[in-house]
Each structure stands twice: as C-alpha cells, then as structure tokens.
Amino acid sequence: MDAGKRPRRIAYVTSGDPYTPGKKSWSGTLYHVGLALQKFCGDVTFMGPMDAVVERLAGKVVHVGAKALLHKRYMYHHSAFVARRFGRLATKRLARAEQPFDLIVACGAVDVAYLETDVPIMLVLDATHARVCQYYPNYSNLLGQSCRELDSIENRAIRKAALLLYATNWAAQSAIEDYHADPAKVHVVPFGANLDSQPLHTVLAMRKRSDRCRLLFVGVNWERKGGDIAVETLKRLEALNIPAELIVCGCIPPSDVSHPSIRVIPYLNKHDPEQRAELDALYLSSDFLLLPTRNECYGIAFCEASAFGLPAVTTHTGGVPEIVRDGETGFVLPLSARGEAYAAVIARAYGDEARYAELVSASRSAFEDRLNWDAWGTSAAHLIENTLGRTYAPPVSDVLRPG
C-alpha cells in the first residue's frame with residue numbers, strides 16, 4: 001500500500017457465508033477471497049451473507065411445477081427474483097455504512113446484478129452462464145425463462161463491473177465473446193488452494209513413490225467426477241501387473257462397484273482439524289490424484305494436490321487444462337479417454353522414478369508460483385490499484401490476459 005495513504009475501503013458483498021470455510025462458502029473460496037483481500041488489498045467490510053427465503057421458495061414452486069409438467073428445470077437459486085432481492089439488500093447495507101467505500105467485490109453475478117451504486121465493482125468468477133449452460137447437469141434442460149434470466153443477470157453484472165477477475169482463460173474469453181465485456185477490464189487470476197496453512201516445501205522430500213500405486217479420487221459427485229473411469233483405471237493397472245489402490249474420498253460409489261483394492265472414505269470435513277489432517281495425509285501418501293472429471297469450471301482439488309506435490313491425472317474439459325499442465329504437473333487426457341488410456345500414462349510415470357520426481361517438483365512449483373491465495377491477492381491488488389487510478393503497482397508475474 002502507498003506510504004502515507006490510507007488503505008482502500010472494500011465492501012465484500014456475498015450472498016453466501018464469507019466468514020467460514022465451509023460448503024456454503026463456495027467450498028471455502030468465498031472465505032479465502034475475503035482473507036486475501038484483507039491481507040493484500042485494503043480494509044474489508046463483510047456485507048454477507050444475504051437471504052432470499054421467500055424468493056427462493058416461490059422459485060422452487062416454479063421449479064417443481066416445471067419438472068412435473070414440462071420436464072424442465074428452473075434455477076430458483078439464481079432467479080431474477082433472487083437477484084433483485086440481493087440488489088435491494090446490498091444497496092441498503094452499503095447506504096448504512098459509516099464511511100464510503102472505494103471498491104465493491106462480489107463473487108457472483110447474482111449478488112450485484114441489481115445493486116444500485118456508483119462505487120466501482122470487481123467481480124471474481126470461475127465461469128459464465130454461457131459456459132455452464134448445457135455443460136453442467138444442473139444447468140441442463142432449463143426452462144427458456146430460466147435461461148433468459150441467467151443470461152440477463154450475467155450481462156447486467158458484467159456491464160456494471162469495472163474489473164472482472166476470472167479464474168481461467170476459458171471463462172474470461174466467454175465474458176468477452178458471449179457478453180461483449182470490454183477486454184481491458186477482463187483479467188485471468190487463478191484461484192488458490194483452500195488450505196488454512198500451506199504445507200512446507202519439505203513435503204517434497206517426504207514424497208516417494210509407494211510400493212503400491214495409490215490413486216486418490218476426491219469428489220462429492222461420483223458420476224460427474226468420472227468415478228467409473230477411475231475404477232477402470234485401477235483394474236487396467238492391475239492387468240498390467242502394477243499393484244494399485246484406489247482411495248475414494250468424499251462420496252460413496254454405486255452399490256455395484258466392488259473391488260478389494262478400493263478404499264472408501266465417504267466424507268471428510270476439511271474444516272475440522274483432525275479430518276483436515278487426514279485429508280492432508282491422503283494427499284501426501286498418494287502417488288496420483290486421479291480425477292477423470294466430466295465437467296469442471298476450475299477444480300480447487302487440483303490446487304490442493306499441487307500444494308503437496310501430488311501430480312494429477314485428469315480430463316481436458318472446462319478450465320482444467322489451465323490448472324493441470326499436461327506433461328508438466330500431471331496429465332490431461334481427452335474427454336473420450338477411458339481407463340486404459342489413464343492407466344497407460346500412470347504406468348509410464350509411475351515406472352520412471354526420475355520422471356515421477358519431475359512431476360512432483362513441477363506440481364509443487366505450480367502451487368508456489370500461481371495456485372495459492374497470496375499470489376491471487378497480490379495480483380488482485382495490482383489490478384485494483386491500476387483500475388482505481390493509483391500509481392502504486394507492485395510487480396506481479398501472475399496477472400494474465402485472455403489470449
């Protein structure tokens with residue numbers, strides 16, 4: 001911050017809970033964005049969470065009726081009714097503030113689309129509606145009205161924003177191409193690992209290939225994360241005479257999935273110290289993060305694995321190839337790839353000690369250089385100061401431009 005000048009006053013407007021790193025906090029991302037803003041960007045006043053109980057209930061009635069009569073979905077959590085409610089709430093809260101703000105930060109278009117303010121807005125996002133529509137199952141088969149509302153909300157928020165920070169180029173390009181955002185205000189700044197403390201660099205010295213190739217599958221949705229392909233991979237490795245184990249953490253496989261080398265941990269609360277330590281131990285003791293995901297805007301699990309120097313084997317979909325760099329920090333396979341292809345790349349890397357060490361080192365370097373919240377906060381501070389017209393611009397290497 002400039003010597004002799006007060007810190008920026010930032011209003012952090014969120015519909016979700018920004019105070020605790022739980023599921024209602026975008027799996028901890030709202031919480032960590034708030035911490036990074038406070039650490040690097042100014043004095044932060046938290047303006048969330050916000051409720052829209054009546055509006056969501058009314059929208060749910062529409063959703064249930066549409067499913068029953070038309071077999072269509074209505075995104076009642078992100079409806080125009082909800083967006084207007086959030087706009088009214090945020091406008092009132094800002095008006096009651098004792099001092100004016102220099103900047104408003106939000107992590108959702110629905111939070112600020114109808115906000116009435118002259119204060120510059122910075123949006124922090126990992127996708128656009130145009131990107132997720134018909135891509136995520138929850139955003140498929142929507143009512144036409146729901147699609148129009150989602151697009152309108154996205155468009156309003158993008159037009160209001162003075163600064164747009166997207167986690168990937170995949171999302172940023174959509175803002176420009178689908179919503180005609182001014183390229184000068186669109187930037188790509190990767191999210192970090194949602195960890196309360198960063199593993200020391202010495203974790204690299206602790207990481208050795210195990211005698212039994214340990215594959216870690218982390219996700220709450222078995223089908224969307226490609227659980228069936230993970231099982232195929234395990235079986236194919238065994239067919240190649242490579243002893244292997246698949247650890248499934250975060251979900252329960254279907255009842256017809258049974259194998260003696262599959263270990264299931266249905267749930268670990270990342271925000272409970274003991275359970276967090278158990279998850280960290282899984283990251284540290286596994287040989288690969290195996291996540292053949294079918295749909296993914298970003299994937300915080302890749303950042304967390306990287307913090308422990310754990311190479312990832314995953315899919316070329318959404319923003320994933322920008323987090324996991326193929327052949328450098330892991331392997332990114334085509335969406336059409338099945339277990340045989342995954343097993344082949346894993347077998348080659350696992351069988352080559354020097355190659356595996358390179359993947360481990362590069363994975364940890366990716367965390368240290370770009371996949372941590374300090375890097376995000378430094379980049380955000382740089383962009384905020386440039387956008388608001390201050391001369392202060394600390395050097396930063398991770399501010400990327402779409403292209």
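Heads up: the structure comes first, above all this text.
Treat the numbers as computed from the prediction; the structure is a model and nothing was measured. Counting restarts for each chain: residues are numbered from 1 in the order of the written sequence. Side-chain atom pairs in this predicted model are given and counted only at pLDDT of 80 or more, local residue features only at pLDDT of at least 70, and totals for whole chains, interfaces and linings cover all residues. Computation of side-chain values covers all heavy atoms of the structure but excludes hydrogens and water.

(A) Representation of the environment of R93 in the model. Helix and strand assignments follow DSSP, with helices taken as H or I runs no shorter than four residues and strands as E runs no shorter than two, numbered in order from the N terminus. In this fold, R93 is placed in helix 3 (residues 80-95). Along the primary structure R93 and G351 are separated by 258 residues, whereas in three dimensions their C-alpha atoms are 59 Å apart. The residues touching R93, leaving out its near neighbours within four places in the chain, are M47, G48, P49 and M50. Any pair of nitrogen or oxygen atoms within 3.5 Å is treated as a polar contact; in protein, a donor-acceptor pairing is required on top of that, and neighbouring residues in sequence qualify only through side-chain atoms on both sides. Of note is the side chain of R93, whose polar atom sits 3.1 Å from the backbone oxygen of M47. Every residue pair with non-hydrogen atoms within 4.5 Å of one another is taken to be in contact.

(B) Looking closely at the sheet that holds strand 1 (residues 9-13). Two strands pair under a simple rule: DSSP has to find at least two bridges between them. The sheet built from six strands is open, its strands ordered 2-1-3-4-5-6 with parallel pairing. Only two strands of the sheet have a single partner each, and these edge strands are strand 2 (43-46) and strand 6 (186-188). Adjacent strand axes in the sheet meet at a mean angle of 25° when their direction is disregarded. Sheet analysis places strand 3 (residues 103-106) next to strand 4 (residues 121-125), joined by three bridges and oriented parallel. Considered in strand 4, the bridge of A106 is made with L123. Helix axes are fitted to C-alpha atoms over the stretch in contact, other axes to C-alpha atoms as well, and angles between N-to-C directions run from 0 to 180 degrees.

(C) Spotlight on the state of the cysteines. Two cysteine sulfur atoms form a disulfide, by the criterion used here, when they sit within 2.5 Å. Taken as a whole and judged by the stated rule, the model has zero disulfides. Looking at C133, it has no disulfide partner, and the nearest cysteine sulfur is the one in C147, 4.3 Å off. The class for C133 is partly exposed, based on a relative accessible area of 21%. This cysteine, C249, is not joined by any disulfide, and C251 carries the nearest cysteine sulfur, 8.5 Å off. Remark: exposure states derive from per-residue accessible area (1.4 Å probe, protein chains only) relative to the maximum for the residue type, with buried under 20%, exposed over 50%, and partly exposed in between.

(D) Molecular detail of the packing of helix 9 (residues 227-239) against helix 13 (residues 339-350). Direction vectors running N to C along helix 9 and helix 13 enclose 55°, while the axes themselves pass 8 Å from each other. Judged by the angle between their axes, helix 9 and helix 13 are oblique. Seen from above, helix 9 lies across helix 13 with right-handed handedness. Contacts between helix 9 and helix 13 involve I229, E232, T233, R236 and L237 from the first element and G339, E340, Y342, A343, I346 and A347 from the second. Three categories are distinguished: nonpolar for Ala, Val, Leu, Ile, Met, Phe, Trp, Tyr, Cys and Pro, charged for Asp, Glu, Lys and Arg, and polar for the others, with Gly belonging to the last. When grouped by side-chain class, the residues that make up the contact of helix 9 with helix 13 number six nonpolar, two polar and three charged. Should an angle lie under 35 degrees it is considered roughly parallel, over 145 roughly antiparallel, and from 65 to 115 roughly perpendicular; all remaining angles are considered oblique. Left-handed describes a crossing in which the near helix is turned anticlockwise from the far one by less than a right angle; the clockwise case is right-handed.

(E) Main features of the environment of R224. If you trace the backbone, R224 turns up in the loop between strand 7 (213-218) and helix 9. The exposure class of R224 is buried, given its relative accessible area of 17%. Sequence spacing of R224 and A239 is 15 residues, and the spatial spacing of their C-alpha atoms is 26 Å. When near neighbours in sequence (up to four residues on either side) are disregarded, R224 contacts Y136, P137, T293, R294, N295 and E296. One polar contact links the side chain of R224 to the main-chain carbonyl oxygen of N295, over a distance of 2.5 Å.

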